[in-house]
Each structure stands twice: as C-alpha cells, then as structure tokens.
Amino acid sequence: MTREATVTADFYDVAVIGYGPTGATAANLLGQLGLKVLVIERDPDVYARARAISTDEEVMRIWQSVGLADRLQQDMLPDRPVAFVDAAGVPFIETTIAARGSGHPPQQFLYQPAVDHVLREGVERFDTVEVLLEHECLRVLAKPDHVELMLADLHTDTFKRVRAAYVIAADGGSSPTRGQLGIGYAGNTYSERWIVIDTRVLREWDAHDRLRFHCNPDRPTVDCPTPLGHHRWEYPARAGEDEQKLVTEPEIWKVLEDQGITPDDVEILRAVVYSHHVRVADRWRVGRIFLAGDAAHAMPPWIGQGMSAGVRDAANLCWKIAAVLAGRAPDALLDSYQAERKPHVVEVTRRACIVGRVITERNRMTAAVRNHTLRALTKLPGVLRGGQKLYWIPDARYGAGLFTRNGNRAVGWQIPQPWVTDDTDATRRLDDVVAGRWALLHIGPIPDGVPAWADLGAPVIALCGARDVARPAAVRDIDGTLIAWLQRKKAAAVVLRPDGFIYAAAESGQRLPAPPAGYELAPTRTGAHA
C-alpha cells in the first residue's frame, strides 16, 4: 500500500494518548471544562477482555463530577463481602469494606468493557473532544510552547501531524511515549505467571456474589464476582506446569471443579496468562507531557486499584492543566501532580503487596499460623474495620503539593461528601453543589480572611445542621457527618480545590490563610484555543 504523509495544522489544548479508563476519564473531565481535546487510540473498539474488576467510592466520586456515576452504578455490584479463606474454604478474615463518607458504595465490582463503553459515551457529549480510533502516536516532540505529535492512521496507512499545548500519555504499562522520553520505569516483575479465567454465569451458586481469596499454599486462587453475569478466577502456574496447557478447558475445569464449579454453573469465555508488576516511572512530567495510569505506575491486583489509580491521576491533573491554559494559574502548578499522586500510588502498591503475601503464602506451617492468628484477632471488637485502615485503600489525603500549611489537620484531605439540602429544600450531593470550583465552606460565623477568597470568585457556603434554619448561600448537612468530621479536624472553615481536596483550613477564631499568589479562582469554560 502506498504511504501518503498528510500534514495538518490542527492545534489542541490537550492530546490524550490512550483511550482506556484513564484516558476516557481525562477526556470527560477536559471536555466538561470546554477544552479542545484530541484522543488517540490504536484499537478500533473497546478492548473485549475484562482487566480491572473493582473500584471504590473515591473513583465513583470522580465519575460523578462528569455526570456518569449513576449510569455506571447500574452495571456494578456494590458492597459485597470479602473473605480470606483457608485450604478447606473456611474464612479466617470475613468482612465488608467500610465507607469513608464519599457518598457512594465503598467497594464496587465491575465489568470493565461495560465501564469503558459508558465513559466513551460520556465523551460523545462534548463537541470539543475529537477521538481518533485506529491511530497510533509515532512520535512526541516537545517544543517551547507546544508538543508536536506524528500520528499514523492504521486504517488508511497515512500520517498526519498535530500540535497540542499539553499531552497526557495514558498509553499503558508498555507506554511508547514513556520510552520515547527516556523515562525509567523502576521496579520488579513477579516471577510467577498467573492464569486469568473469565466466565459467564449460567447458574448461581452459594457465594457466587462475593470476593474470596483462597489462601491455599497448594494453589492460591482469587475467586471474584463481576457484574452483568460474569465471574473470574485467577491462580498461579506451579513450577514445571506448562502455561499454554493451563489455559485449555480440561485444565481449567480441574481447578474450577475443585471448588465445586461445573459446566452447569459457568461457561468459559477466555483464559490468558499474565505477570504481576510493581513499577513506578522516575518522572511523571517532561515539560508539557505527562504520564498517567499504567504509563506512570503498575501495581499487583490484590486490592483492585490499578485502574482506580489512573482515574485518580486524571482527576488530579486535568483541572490543573485547564487552569494553566486559561491563565488562572502559573505553570508551576503542574509540578504538584507528581508530588501529590506518587506517594499515594506508592502506598497503595505497598498495601497491595502485603495483601498479596497473605494470599500467596506457600509454607504450610506459616500459613497455619497465619490462619489461627488472624482468625483469633478478627474476633476482637473493632479489629476488622480498623485493619482495613492498614491493608486496604489508604485515605484520600495528600501530604505535599498545592496546599497551605498552618497546622490545621484538615489540610490535604479530600472533604467527605454528604447529602445536603439548600434553602429551596433541594437535596443533592455536596460535590454537585460545589460544582468543581474553588469554594469556601464554613460552620459558625464567617471567619477572618474570607473576603480575599470571595474577591477572587470563590463561593462562600455556610454549612449548618439539619435542624438549623436554612439561609441563602447555605446548605444543611442532613445527617451531620460533615460537621462532625470538621469538628474532629478542628476546622471551622475550609477552602476546597476544584478536586475536593482541602487547600487551607482554620479553626474557630483563626484567620483563614490567603489565596495562593498568582492564581485566579473563578472558573472559565474556555481553553487556550479560544
């Protein structure tokens, strides 16, 4: 076929490379902000194999911000029990994940192809977002004031050049963009190879709708429900076993039948072999190019946070890019992306590895001690819920980045999201009231320092209790959870960033810190192309 180079002068605010959940979330966030966006994706359609199988309340909150949470919730399986069981199938830990106040179920099982379709349908709402499927980004070339991208149309075998003010590379763990930039991807790959079996449920069985970690030294296995009539099993290949033989139906049925699952219960859809990785990119920003999702980090699947970490990346980065493009913030704001996200990713990965070690312990004596000890400990009051704070998803809190420090404990935390009512008695989630803006919330009298924020366009919202008389520019905390949380943090007033994290806080009688120098807080819906 004759290759024809086609050069265009197209210019975009942001080019997003990769159209998985991270890239699609970024496209929704940026499209909602009115930016001119180009999405570049090699594949012609959604990847058919389910990879991610779970997410959490904080990620649902991000998808809420682009109006997709309720639709996504329809295809998810929330609040299912989680059990760590011994070789006989008897639990030594059995729990459900506790909510942290984000206004959504704390643990959700999902079917990734369905999630991908909804996210892409969401992108179609925005006329300013252009999606190029069956296109490959061959090169990114950084210029002082933009990035030049050379694209190959894999359908027509032609080329074109586009430019963007910024690039988000969400192009997976093998990220060609990261390779072109010469960024290291330090870490390890586990030597064990795992078999992943996706099935369609034909007949439900006891415990079909719960997550079970079979901590069997002979064959550790993850037994996981996925919605829309699917179920998944994962287990490692033993030393000396032929991986290719293990993905054949006779071998798969040997494993499933050991758990009482027969061809009457499920239909095998696909079986693949993969490795677990623990890796983090050395740099997440090179000038105007940013890595996100698996391109920036890879973690083992034990607490189901690989996809969720990428969605968090997009939520942290997109509002910052929009602010810089609109001239409302200095370019230095973008340096806070890695400073905020990387420590959280490293901690999530550490916890995933801990859970993985519990599941895959091969020494029978050690496993017996594990079973006995944890079974006894979890009978003590508060241990099950308290333990989640140590081994499950860490709190939504950043220790460094774009925050002011005056000793208040609320700074750096993502604010909880209760249901609230306004002076018209309309009931909404708090984020829908704040609407992705810088905002100031306070309880009690208006604190000193508020006019400096109000003058820059931040709405000032009074927070009152359920029995208080509502007044203009005030909301009622229906069940009092947010007021109680603020009181525990000794915060009478907080300033929220557009992503819901607390930039500044002050206790009663204390002056609220000043806005960051060089920032304009009032949002705008125009990108650099305007």
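Reading the values: rules and limits
- Residues numbered from 1 in each chain as written.
- Predicted model: local features only at pLDDT ≥ 70, side-chain atom pairs only at ≥ 80, totals over all residues.
- Heavy atoms only, no water.
- Core = buried A, V, L, I, M, F, W, Y, C linked by side-chain atoms within 4.5 Å.
- Buried < 20%, exposed > 50% of the residue type's maximum accessible area, 1.4 Å probe, protein only.
- Helix = DSSP H or I, 4+ residues; strand = E, 2+ residues; numbered from the N terminus.
- Domains from an automatic or database assignment.
- Contact = heavy atoms within 4.5 Å.
- Axes fitted to C-alpha atoms, helices over the stretch in contact; angles between N-to-C directions.
- Parallel < 35°, antiparallel > 145°, perpendicular 65-115°, else oblique.
- Left-handed = near helix turned anticlockwise from the far one by under 90°.
- Nonpolar A, V, L, I, M, F, W, Y, C, P; charged D, E, K, R; others polar.
- Phe/Tyr/Trp six-rings, centres within 6.5 Å; stacked < 30°, edge-to-face > 60°.
- Lys NZ or Arg CZ within 6 Å of the ring centre and 35° of its normal.
- Pairing = 2+ DSSP bridges.

- For the protein, an unreviewed UniProt entry supplies the name FAD-dependent oxidoreductase and the organism Mycolicibacterium neworleansense.

Some thoughts on the nonpolar core
In a soluble, globular protein the nonpolar side chains are often hidden away together inside.
Part 1: Residues Trp63, Leu72, Phe84, Ile168, Ile321 and Trp453 are the most contacted members of the largest nonpolar core, which totals 98 residues.
Part 2: Looking at this core element by element, the count peaks at 13 residues for helix α8 (residues 306–325).
Part 3: Each of domain 1 (11–68 + 111–186 + 278–358) and domain 2 (413–506) gives at least three residues to this core.
Part 4: Setting aside its immediate chain neighbours within four residues, Leu72 contacts Met60, Trp63, Val115, Val118 and Leu119.
Part 5: One finds Phe403, Ala410, Val411 and Val420 within the second-largest nonpolar core, a separate group that totals 28 residues.

A closer look at the packing of helix α1 (residues 21–32) against α8
Part 1: Contact geometry of α1 with α8 gives a least axis separation of 8 Å together with a crossing angle of 25°. By the angle between their axes, α1 is roughly parallel relative to α8. For the pair α1 and α8, the sense of crossing is right-handed. In this structure, α1 uses Pro21, Thr22, Thr25, Ala26, Leu29 and Leu30 to contact α8, whose residues at the interface are Met307, Gly310, Val311, Ala314, Ala315 and Cys318.
Part 2: In the contact of α1 with α8, the residues fall into nine nonpolar, three polar and no charged.

Re the packing of aromatic side chains
Part 1: Summed over the entire model, instances satisfying the criterion amount to 14 aromatic pairs.
Part 2: Both rings, one in Tyr166 and one in Phe290, keep their centres 6.2 Å apart while their planes meet at 45°; by these two values the pair is tilted. Pair noted here: Tyr166 is in strand β12 (residues 158–169) and Phe290 is in strand β19 (residues 289–291), with a separation of 124 residues, a long-range link. Taken as a pair, Tyr166 and Phe290 share a single burial class, namely buried.
Part 3: Among the aromatic residues, those joined into a cluster by ring pairs are Tyr166, Trp284, Phe290 and Tyr337.
Part 4: Between Arg288 and the ring centre of Tyr166, over which it is positioned, the NZ or CZ distance is 4.9 Å.
Part 5: The residue whose ring lies beneath Lys489 is Trp413, and the NZ or CZ to ring-centre distance is 3.7 Å.

A few points about the pairing of strand β13 (residues 185–201)
Part 1: The sheet contact formed by β13 and strand β17 (residues 266–281) spans 14 bridges and is antiparallel. Bridging from a neighbouring strand, Val201 pairs with Val266 of β17.

What about the sheet that holds strand β23 (residues 439–442)?
Part 1: Within the open sheet, the seven strands sit side by side as β22-β21-β25-β24-β23-β26-β27. Their pairing is mixed. Each having just a single partner strand, β22 (427–429) and β27 (502–506) make up the two edges of the open sheet. Neighbour to neighbour, the strand axes of the sheet diverge by 30° on average, direction disregarded.
Part 2: Bridging between strand β24 (residues 460–465) and strand β25 (residues 474–477) involves four bridges; their strand directions are parallel. The residue bridging Cys464 from the neighbouring strand is Arg476, located in β25.
Part 3: Where helix α14 (residues 481–488) meets the sheet, its contacts fall on β23, β24, β25, β26 (493–496) and β27, and the angle it forms with β24 comes to roughly 105°.

Structural notes on the environment of Ala466
Part 1: Within the element layout of this structure, Ala466 appears in the loop between β24 and β25.
Part 2: Owing to a relative accessible area of 44%, Ala466 belongs among the partly exposed residues under this scheme.
Part 3: Through-space distance from the C-alpha of Ala466 to that of Glu234 is 47 Å; in sequence the pair is 232 residues apart.
Part 4: Discounting chain neighbours no more than four positions away, the residues touching Ala466 are Arg476, Asp477 and Ile478.

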